[in-house]
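This is what each chain is made of:
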Amino acid sequence: MAGYTPQIVFEDNHLLIISKAAGDLVQGDKTGDTSLIDHLKAYIKQRDHKPGNVFLGLTHRLDRPTTGLVIFAKTSKALSRMNEKFKKRQIHKIYWAIVPKLPPGTPTEATLRHYLLKNPKTNRVTVYQHPGNKAQEAILHYNLLTQLDNYAALEIELETGRSHQIRAQLSKIGLPIKGDLKYGSPRSNTDGSIHLHARLVQFTHPVTKEQITVTAPAPIHYAIWQAVEQKV
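Treat the numbers as computed from the prediction; the structure is a model and nothing was measured.

1. Focus on the overall build of the protein chain
Across its full length, the protein chain holds four helices and 11 strands. The C-alpha atoms of the protein chain give a radius of gyration of 18 Å, which matches the 17 Å a tight globule of 232 residues would have. Judged by the C-alpha coordinates and their principal axes, the protein chain covers about 60 × 40 × 35 Å. The burial tally for the protein chain puts 45% of its 232 residues in the buried class. Long-range contacts, defined as pairs at least 24 residues apart, comprise 60% of the intrachain contacts of the protein chain with a sequence gap of at least 6. Summing over all exposed atoms, the protein chain offers an accessible surface of approximately 11,900 Å²; the carbon and sulfur share of this is 48%.

Shown next, in the form of structure tokens:
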């Protein structure tokens, strides 16, 4: 990401919200690749001519092959307050996902409740129908945005924020996200992305108390996202 310029969708003295591209690594991991947070610190340091270190705190994660909104805190006060909001489920988040066309009889809107257990060695989540095995409850709500020729676009509202939650739960009901080989898609996308997009976040600002609503356009260089944007 040499010469990295982020797609900033909201910024003030306390928060920075960007729309990330597929492949951007939000936080450092075992790959050793430069993370988004490091690129953003370097970008802000240069843009704002800051002589010292730039503070930037990550309030939540977004899987590397996923696109869309990521919220960063620019002050320690904002970070602690945003962390508390996420813990108390006070951040409203909407995702879009491309999945196989819904089979006849599949509800066009539903609530999914499962129990997820992550294997840190494989970085994969197992989905259970019933509690047990230290699995964590996972709840999401989906509704059909539009049907395409071979796919469907779903709008998803998270009630809990578990690792790989949307990917694993949709796969469990036979609707793996397009390109998501890890959770049952038959083919990968050529760029390694998956068709899961963090579309909207809404919350009360941790400092100013204003109501913040931010939307990220779907990545229009994918023809299938163009088709969805045109239909909704």
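Now, onward.
2. Regarding the nonpolar core
Soluble globular proteins tend to pack their nonpolar side chains together in the buried interior. Formed by 47 residues in total, the largest nonpolar core has its most connected members in Phe72, Val99, Ile156, Ile166, Leu170 and Phe203. With sequence-adjacent residues up to four places away left out, Phe72 is seen in contact with His14, Leu15, Leu16, Ile18, Leu36, Ile37, Leu40, Leu56, Gly57, Leu58 and Thr59.

3. Side note on the packing of aromatic side chains
For the coordinates displayed, the defined rule picks out one aromatic pair. Sitting over the face of the ring of Trp96, Arg199 holds its NZ or CZ atom 3.9 Å from the ring centroid.

4. Points about the pattern of salt bridges
Taken as a whole, this structure holds nine salt bridges when the rule is applied. Among the ionic pairs, Glu11 bridges to Arg47, the shortest N-O distance being 2.7 Å. Note that Glu11 is positioned in strand 1 (residues 8–11) and Arg47 in helix 1 (residues 36–47), a separation of 36 residues in sequence. The class of Arg47 is partly exposed, set by a relative accessible area of 31%.

5. Focus on the side chain of Thr160
Here Thr160 lies in the loop between strand 9 (151–158) and helix 3 (165–172). On the basis of relative accessible area, Thr160 is assigned to the buried category, the value being 4%. One polar contact links the side chain of Thr160 to the main-chain amide nitrogen of Ile139, over a distance of 2.9 Å. Those residues in contact with Thr160 that lie beyond four places of it in its chain are Arg89, Glu137, Ala138, Ile139 and Gln165.

6. Some remarks on helix 2 (residues 76–87)
Look at helix 2: 16 Å from first C-alpha to last across 12 residues, which is about the 16 Å you get at 1.5 Å a residue. Looking at helix 2, one finds that the buried residues are Ala78, Leu79, Met82 and Lys85. Projected down its long axis, helix 2 carries its buried residues within an arc of 125°, all on one side. Exposed residues lying more than 90 degrees from the buried face of helix 2 are Ser76 and Lys87. Against strand 2 (15–20), strand 3 (57–58), strand 4 (67–73) and strand 10 (196–204) lie the buried residues of helix 2. Directly beyond the C-terminal end of helix 2, a positive phi value near 60° is found at Arg89.

The rules behind each value
In this numbering scheme, every chain counts its residues from 1 along its sequence in written order. In keeping with the predicted nature of the model, local features appear solely for residues at pLDDT of at least 70, side-chain atom pairs appear and are counted solely at 80 or more, and the whole-chain, interface and lining totals rest on all residues. By convention in this description, side-chain values take in all heavy atoms of the structure and omit both hydrogens and water. Going along the chain from the N terminus, every DSSP run of H or I of four or more residues is numbered as a helix, and every run of E of two or more is numbered as a strand. Computation of the radius of gyration draws on C-alpha atoms alone. For the globule rule, the value is 2.2 Å times the number of residues to the power 0.38. Type-normalised accessible area, obtained with a 1.4 Å probe on protein chains alone, sets the label of each residue: buried when under 20%, exposed when over 50%, and partly exposed for intermediate values. When checking whether two residues touch, look at their non-hydrogen atoms; a contact exists if any pair is within 4.5 Å. Only the protein chains shown count as cover for residues, and all accessible areas are computed by the Shrake-Rupley method using a 1.4 Å probe. Think of a nonpolar core as a cluster: buried Ala, Val, Leu, Ile, Met, Phe, Trp, Tyr and Cys residues, connected wherever their side-chain atoms sit within 4.5 Å. Paired rings are identified among Phe, Tyr and Trp, the last through its six-membered ring, by centres lying within 6.5 Å, and are further divided according to the angle between planes into stacked (under 30 degrees), edge-to-face (over 60) and tilted (the rest). Note on criteria: charge over ring means Lys NZ or Arg CZ within 6 Å of the ring centre, with the direction from the centre no more than 35 degrees off the ring normal. Any Lys or Arg side-chain nitrogen located within 4 Å of an Asp or Glu carboxyl oxygen qualifies as a salt bridge. Nitrogen and oxygen atoms within 3.5 Å of one another constitute a polar contact, given that in protein one can donate a hydrogen and the other can accept it, and given that sequence-neighbouring residues count only through two side-chain atoms. Expected helix span is taken as 1.5 Å per residue step, with the number of steps being one fewer than the number of residues. This arc describes the spread of directions from the helix axis toward the C-beta atoms.

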